[in-house]
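These are the residues of each chain, in order.
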Amino acid sequence: SGFGFSKINCAALPAELLERELFGYESPGASGAARSRPGKLEMAQKGTLLLDDVAELPLPLQARLVHVLQEKQSFRAGGEGRIEVDVRIIAATSQNLEQAIANRTLREDLYYRLSAFTVHVPPLRQRREEIPLLMGYLMNRVARHYGLPARMFSPAVLEACQAHSW
């Protein structure tokens with residue numbers, strides 16, 4: 001392990017499965033032998049973990065994540081052994097985090113632990129001038145994937161895409 005990259009979508013999984021995915025688990029197997037699986041925190045050791053939709057993380061898991069960030073240690077669900085955690089966290093959300101804190105759906109201490117460096121990306125509808133660049137990039141990527149030459153978009157298509165309410 002080392003220098004890994006892991007991603008987890010906090011909104012896509014129920015709380016129990018999210019806990020197992022994030023922190024890993026240990027459980028006794030049918031034969032008495034313990035089964036264990038590392039979590040995303042462990043797999044990204046010395047690397048990066050992307051928490052997508054972090055504001056959807058259930059409050060108990062937020063508390064556990066704050067503890068991991070403070071202590072730089074974790075433990076697997078059902079396990080007792082401590083695991084050293086040295087990982088960079090990138091957290092993404094489309095929610096207004098100040099509002100989530102006010103509504104008590106996001107822990108303020110987690111927000112401050114994660115917000116050391118904040119990048120605000122306005123929605124595409126506020127950056128319409130970037131749409132032709134984005135379309136060109138995606139066209140080149142798809143063309144390369146299929147081994148075909150990239151095609152040009154007509155001015156009418158570019159105009160229609162820029163007029164769309166993204």
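None of these values were measured; they are calculated from a predicted model.

Cut-offs applied
- Residues numbered from 1 in each chain as written.
- Predicted model: local features only at pLDDT ≥ 70, side-chain atom pairs only at ≥ 80, totals over all residues.
- Heavy atoms only, no water.
- Patch = residues over 30% accessible without salt bridge, like charges linked within 9 Å, V, L, I, M, F, W, Y side chains within 5 Å.
- Areas by Shrake-Rupley, 256 points an atom, 1.4 Å probe, with all protein chains shown as cover.
- Salt bridge = Lys/Arg side-chain N within 4 Å of Asp/Glu carboxyl O.
- Helix = DSSP H or I, 4+ residues; strand = E, 2+ residues; numbered from the N terminus.
- Buried < 20%, exposed > 50% of the residue type's maximum accessible area, 1.4 Å probe, protein only.
- Arc of directions from axis to C-beta.
- Phe/Tyr/Trp six-rings, centres within 6.5 Å; stacked < 30°, edge-to-face > 60°.
- Lys NZ or Arg CZ within 6 Å of the ring centre and 35° of its normal.
- Axes fitted to C-alpha atoms, helices over the stretch in contact; angles between N-to-C directions.
- Parallel < 35°, antiparallel > 145°, perpendicular 65-115°, else oblique.
- Left-handed = near helix turned anticlockwise from the far one by under 90°.
- Contact = heavy atoms within 4.5 Å.
- Nonpolar A, V, L, I, M, F, W, Y, C, P; charged D, E, K, R; others polar.
- Pairing = 2+ DSSP bridges.

Asks: Hey, could you run me through a nonpolar patch on the surface in this one?
Replies: Where nonpolar side chains cluster on the molecular surface, the patch consists of F117, V119 and V121 and spans about 370 Å² of accessible area. Note that F117 resides in the loop between α5 (108-114) and α6 (131-146).

Asks: Could you clarify how one ought to interpret helix α1 (residues 15-23) in this entry?
Replies: Each full turn of the α-helix corresponds to 3.6 residues, which orients residues three or four apart in the same direction. When we look at burial in α1, the residues that qualify are L18, E21, L22 and F23. End-on, the buried residues of α1 take up no more than an arc of 170 degrees, which puts them together on one face. Phi for G24, located one or two positions after α1, is positive at around 80 degrees.

Asks: So what exactly am I meant to see when it comes to unusual backbone geometry here?
Replies: Of all residues except glycine, most have a negative phi; of all peptide bonds, most are trans. Phi angles above zero are rare outside glycine, and K46 is one such case at about 65 degrees. For K46, a relative accessible area of 46% gives the class partly exposed.

Asks: What am I meant to see in the packing of aromatic side chains here?
Replies: Inspection of every chain in the model, using the stated rule, returns one aromatic pair. Against the face of Y25 rests R20, its NZ or CZ located 3.8 Å from the ring centre. Over the aromatic face of F75 sits the side chain of R64, whose NZ or CZ is 4.2 Å from the ring centroid.

Asks: I would appreciate a short explanation of the environment of E108 in the present structure.
Replies: For E108, the position within the fold is in helix α5. C-alpha separation for the pair E108 and R35, spaced 73 residues apart in sequence, amounts to 35 Å.

Asks: For this particular structure, what's the right way to read the packing of α6 against helix α7 (residues 155-163)?
Replies: When two helices pack together, their arrangement is captured by the angle between the axes and the distance separating the axes. Where α6 contacts α7, the axes come no closer than 10 Å and their chain directions differ by 120 degrees. By the angle between their directions, the pair α6 and α7 is classed as oblique. α7 is crossed by α6, and the crossing has right-handed handedness. Note on element contacts: α7 touches α6 through V157, L158, C161 and Q162, opposite I131, P132 and M135. Across the contact of α6 with α7, the residue classes tally to six nonpolar, one polar and no charged.

Asks: Sorry, what's going on with the sheet that holds strand β1 (residues 5-9) here?
Replies: Paired through backbone hydrogen bonds, the strands of a sheet run either parallel or antiparallel to each other. With parallel pairing, three strands are arranged side by side in an open sheet as β1-β4-β7. Sheet topology places β1 and β7 (88-92) at the edges, where each strand pairs with a single neighbour. Sheet twist, expressed as the mean angle between neighbouring strand axes with direction ignored, is 15 degrees. Examined bridge by bridge, β1 and strand β4 (residues 48-52) share five bridges and lie parallel to one another. The residue bridging F5 from the neighbouring strand is T48, located in β4. Sheet strands in contact with α1 are β1 and β4, and its direction is about 170 degrees off that of β1.

Asks: How should the packing of α1 against helix α3 (residues 59-71) be read in this particular structure?
Replies: Where α1 contacts α3, the axes come no closer than 11 Å and their chain directions differ by 15 degrees. As far as their axial angle goes, α3 and α1 are roughly parallel. At the point where α1 passes α3, the crossing takes the right-handed sense. Contacts between α1 and α3 involve A15, L18, E19 and F23 from the former and L61, R64, L65 and V68 from the latter. Looking at the contact of α1 with α3, its residues break down into six nonpolar, no polar and two charged.

Asks: In this structure, what is going on with the environment of R20? I would like to understand it.
Replies: The topology assignment puts R20 in helix α1. Given the relative accessible area of 28%, R20 is considered partly exposed. Separated by 58 residues in the primary sequence, R20 and G78 have C-alpha atoms spaced 9.5 Å apart.

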